[in-house]
Amino acid sequence: QVQLVESGGGLVQTGGSLRLSCAASGRTFSSYTMGWFRQAPGKEREFVAGIGWSNSITYYANSVKGRFTISRDNAKNTVYLQMNSLKPEDTAIYYCAADRTNVVATTAAPYDYWGQGTQVTVSS
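Here's what I pulled together on the structure shown here. Everything numeric in this text was worked out from a predicted model, so none of it was measured.

1. Quick look at the overall build of the chain
(1) Moving on: For the chain, the count of helices and strands is 0 helices and 11 strands.
(2) Moving on: Across the chain, helices and strands are ordered from the amino to the carboxyl terminus as β-β-β-β-β-β-β-β-β-β-β.
(3) Moving on: Looking at the 124 residues of the chain, the share that counts as buried comes to 47%.
(4) Moving on: Sequence separation of at least 24 residues holds for 59% of the intrachain contacts in the chain that already meet a minimum separation of 6.
(5) Moving on: Looking at the chain as shown, the accessible area adds up to about 6300 Å², and 48% of this sits on carbon and sulfur atoms.
(6) Moving on: Taken together, the 11 basic and 8 acidic charged side chains of the chain have centroids lying 6 Å from each other.

Listed below in structure tokens is the structure:
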């Protein structure tokens, strides 16, 4: 029912910034909680950030808190992840996901739809 397509990944130097976008299909985007996850080589998939039905409800992993900002534009059916002060440890494939509930989940299981992922590489 929902198709997610990430974009904005690329190569950036340590300390740089990057903004990821996730475009969603469908006409009920505002009814989905959205999340960003990432998976680095040799590591488990981990939660990065989540946002509820409104921009006022957000949650961040401790590793990115203060550096990353998640936001959404329901009129454009798009969720964003602004990444600042990037570190080599942020290198990973980043995925966006959609959850039908209004609770921001910090684990992957509750999310119903997933994008194909976009590569983010931070050089050291």
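2. Section: the pattern of salt bridges
(1) Moving on: On inspection of all chains with the given rule, the structure shows 3 salt bridges.
(2) Moving on: Put simply, R38 and D90 hold a salt bridge, and the shortest N to O gap is 2.9 Å. Taken together, the residues R38 in strand β4 (residues 33–39) and D90 in the loop between β8 (78–83) and β9 (92–99) connect sequence positions 52 residues apart. This pair shows no difference in class: R38 is buried, exactly as D90 is.

3. Some remarks on the sheet that holds strand β7 (residues 68–73)
The strands making up a sheet are joined through hydrogen bonds of the backbone, oriented either antiparallel or parallel.
(1) Moving on: Taken in spatial order, the 4 strands of this open sheet run β1-β3-β8-β7, and their pairing is antiparallel. In this open sheet, the two strands that pair with only one neighbour each are β1 (4–7) and β7. Averaged over all adjacent pairs, the angle separating strand axes in this sheet is 15°, with direction ignored.
(2) Moving on: Pairing between β1 and strand β3 (residues 18–24): 4 bridges, direction antiparallel. Residue pairing across strands places L4 opposite A24, the latter belonging to β3.

4. Considerations on unusual backbone geometry
Across residues other than glycine, the phi torsion is negative in most instances, and most of the peptide bonds are trans.
(1) Moving on: Although it is not a glycine, N77 adopts a positive phi angle of roughly 55°.
(2) Moving on: With respect to the secondary-structure elements, N77 resides in the loop between β7 and β8.
(3) Moving on: N77 gets classed as buried once you look at its relative accessible area, which sits at 17%.
(4) Moving on: Located in the positive-phi region is S85, a residue other than glycine, with phi close to 50°.
(5) Moving on: With respect to the element layout, S85 can be found in the loop between β8 and β9.

Quick notes on the rules
- Residues numbered from 1 in each chain as written.
- Predicted model: local features only at pLDDT ≥ 70, side-chain atom pairs only at ≥ 80, totals over all residues.
- Heavy atoms only, no water.
- Helix = DSSP H or I, 4+ residues; strand = E, 2+ residues; numbered from the N terminus.
- Buried < 20%, exposed > 50% of the residue type's maximum accessible area, 1.4 Å probe, protein only.
- Contact = heavy atoms within 4.5 Å.
- Areas by Shrake-Rupley, 256 points an atom, 1.4 Å probe, with all protein chains shown as cover.
- Lys, Arg positive; Asp, Glu negative; His and termini not counted.
- Charge placed at Lys NZ, Arg CZ, Asp CG, Glu CD.
- Salt bridge = Lys/Arg side-chain N within 4 Å of Asp/Glu carboxyl O.
- Pairing = 2+ DSSP bridges.
- Axes fitted to C-alpha atoms, helices over the stretch in contact; angles between N-to-C directions.

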